[in-house]
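An overview of the molecular structure
Below are the chains, spelled out letter by letter.
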Amino acid sequence: MNGKERHAATGRRRKPRRRAARVLAGALAVAAAAFAGTAAAQIEPAQGKLLVATPEIGDPSWAETVMLLLHYDENGALGIAINRPTWVTPQQVEPELGDVEGYGTVYRGGPIAPTQMIFLVRDPSLETLEATPILDGVYASGDLQALSQLAPAAGPGRLRLYAGHAEWLAGQLEREIADGRWTVVNGSADRIFSAEPERLWKELSSGGEELLVRRVNPLRR
């Protein structure tokens, strides 16, 4: 092979590499733009949003937990775990409720005030109920006197009772999210009243219809 043939052969071999490099560079640019758009569209914590614990949560007692934010502002946040059903009956927590059908079992809402019950109801028909709208079709209340009227009509599919709750001080939840301990997803009545709450964490952690983007704390290296 003479010099011209070697040069021509070398040139033929380099063209596919240059094309591959251009294709790769283009793909990386598209991926970077897509990631930047996703990061910019991250869901912010707010009332009615769900917090999904990540493996970085650190505390085993919060592992695989899904929290519903009942309150959120610059002064802090309050939420309840919605995927921790127990075998405890409402009457065991509050004997005055009496033996009424339709309550279902109690969920462990959180470590604070474990004997204080909060309940969520879906589209309540009781006009006298003292309740706070959390998101579309979902209301929260501590009005236990109304339960005897709500429970028979609602049933566990539309009524959930929670013992205890969780609280975050001002800035605390934001730091935990920035550290990658929680991801934030949209809440919905179907998720909150899931027929299989034990599967909810796995479903949300795998992404579902949403891409879960973990926030990165710029101070962590």
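Criteria and thresholds
Residues numbered from 1 in each chain as written. Predicted model: local features only at pLDDT ≥ 70, side-chain atom pairs only at ≥ 80, totals over all residues. Heavy atoms only, no water. Pairing = 2+ DSSP bridges. Helix = DSSP H or I, 4+ residues; strand = E, 2+ residues; numbered from the N terminus. Salt bridge = Lys/Arg side-chain N within 4 Å of Asp/Glu carboxyl O. Buried < 20%, exposed > 50% of the residue type's maximum accessible area, 1.4 Å probe, protein only. Contact = heavy atoms within 4.5 Å. Phe/Tyr/Trp six-rings, centres within 6.5 Å; stacked < 30°, edge-to-face > 60°. Core = buried A, V, L, I, M, F, W, Y, C linked by side-chain atoms within 4.5 Å. pLDDT = per-residue confidence, 0-100. Lys, Arg positive; Asp, Glu negative; His and termini not counted. Polar contact = N/O pair within 3.5 Å; in protein donor to acceptor, adjacent residues only side chain to side chain.

**Examining the pairing of strand β6 (residues 132-135)**
Here β6 runs beside strand β7 (residues 138-141); their pairing, made up of three bridges, is antiparallel. In the strand pairing of β7, T132 is matched with A140. Counting the residues between successive antiparallel strands, the hairpin from β6 to β7 contains two residues, one of them, G137, with a positive phi of roughly 85°.

**Focus on unusual backbone geometry**
Among all residues save glycine, negative phi is the norm, and among peptide bonds the norm is trans. The backbone of E64 shows a phi angle near 55°, a positive value even though the residue is not glycine. Topologically, E64 is positioned in the loop between β1 (50-53) and β2 (66-73). With a phi angle near 50°, A113 is a residue other than glycine that sits in the positive phi range.

**Side note on the pattern of salt bridges**
What the rule picks out here adds up to four salt bridges. Between R122 and D190 there is a salt bridge whose closest N-O contact spans 2.7 Å. Placement of the pair is R122 in strand β5 (residues 112-122) and D190 in helix α5 (residues 189-192), with a sequence separation of 68 residues. Of the residues examined, D190 reaches a relative accessible area of 53% and is grouped as exposed.

**Section: the pairing of β5**
Sheet analysis places β5 next to strand β8 (residues 159-169), joined by six bridges and oriented antiparallel. Bridging across to β8, M117 finds its partner in A163. In this structure, β5 lies alongside β7, joined through four bridges in antiparallel fashion. Along β7, the bridge assignment pairs R122 with V138.

**Notes on the environment of L78**
Relative to the helices and strands, L78 is located in strand β3 (residues 76-81). Taking C-alpha positions, L78 is 4.5 Å from E167, a pair spaced 89 residues apart along the chain. Contact partners of L78, with chain neighbours within four places excluded, come to L68, L69, L70, H71, H165, A166, E167 and W168.

**Concerning the packing of aromatic side chains**
Scanning the entire structure with this criterion turns up three aromatic pairs. Between W168 and W182, the ring centres sit 6.3 Å apart and the planes meet at 80°, which makes this aromatic pair edge-to-face. Residue W168 is located in strand β8, and its partner W182 is located in strand β9 (residues 182-185); the two are separated by 14 residues in the primary sequence. Per residue, the accessibility class of W168 equals that of W182, and both read buried. Put simply, the rings of W62, W168 and W182 touch in pairs and so form one group of aromatic residues.

**Observations regarding the nonpolar core**
Among the nonpolar cores identified, the biggest contains 36 residues, and L51, L68, I82, L120, W168, W182 and I192 are the most heavily contacted of them. Here this core gets five residues from one element, more than from any other, and that element is β2. When near neighbours in sequence (up to four residues on either side) are disregarded, L120 contacts L68, L70, I80, Y139, A140, R158, L159, R160, Y162, I192 and F193.

**Re the confidence of the model for the protein**
Summarising the model, the protein shows a mean pLDDT of 80, and 71% of its residues fall at 70 or more. Here residues 30-40 scores under 50 on pLDDT; set against residues more than four positions off or in separate chains, the count is two contacts. In the predicted structure, residues 209-221 sits below a pLDDT of 50 and forms 30 contacts with residues beyond four places in sequence or in another chain.

**Things to note about the environment of I82**
Mapped onto the elements, I82 comes out in the loop between β3 and α2 (90-93). The sequence separation of I82 and Y107 amounts to 25 residues, and the corresponding C-alpha distance is 7.0 Å. In this structure, I82 is in contact with L50, V66, L68, Y107, Y162, R191, I192, P197 and L200, ignoring residues within four places of it in sequence.

**A few points about the side chain of R160**
Position of R160 relative to the elements: it lies in strand β8. Among buried charged residues, R160 stands out as having no salt bridge; its nearest opposite-charge side chain is E198, 8.3 Å away. Side-chain polar atoms of R160 contact the side chain of Y107, separated by 3.2 Å. Once residues within four sequence positions are removed from consideration, R160 is found in contact with Y107, I118, F119, L120, I192, F193 and S194.

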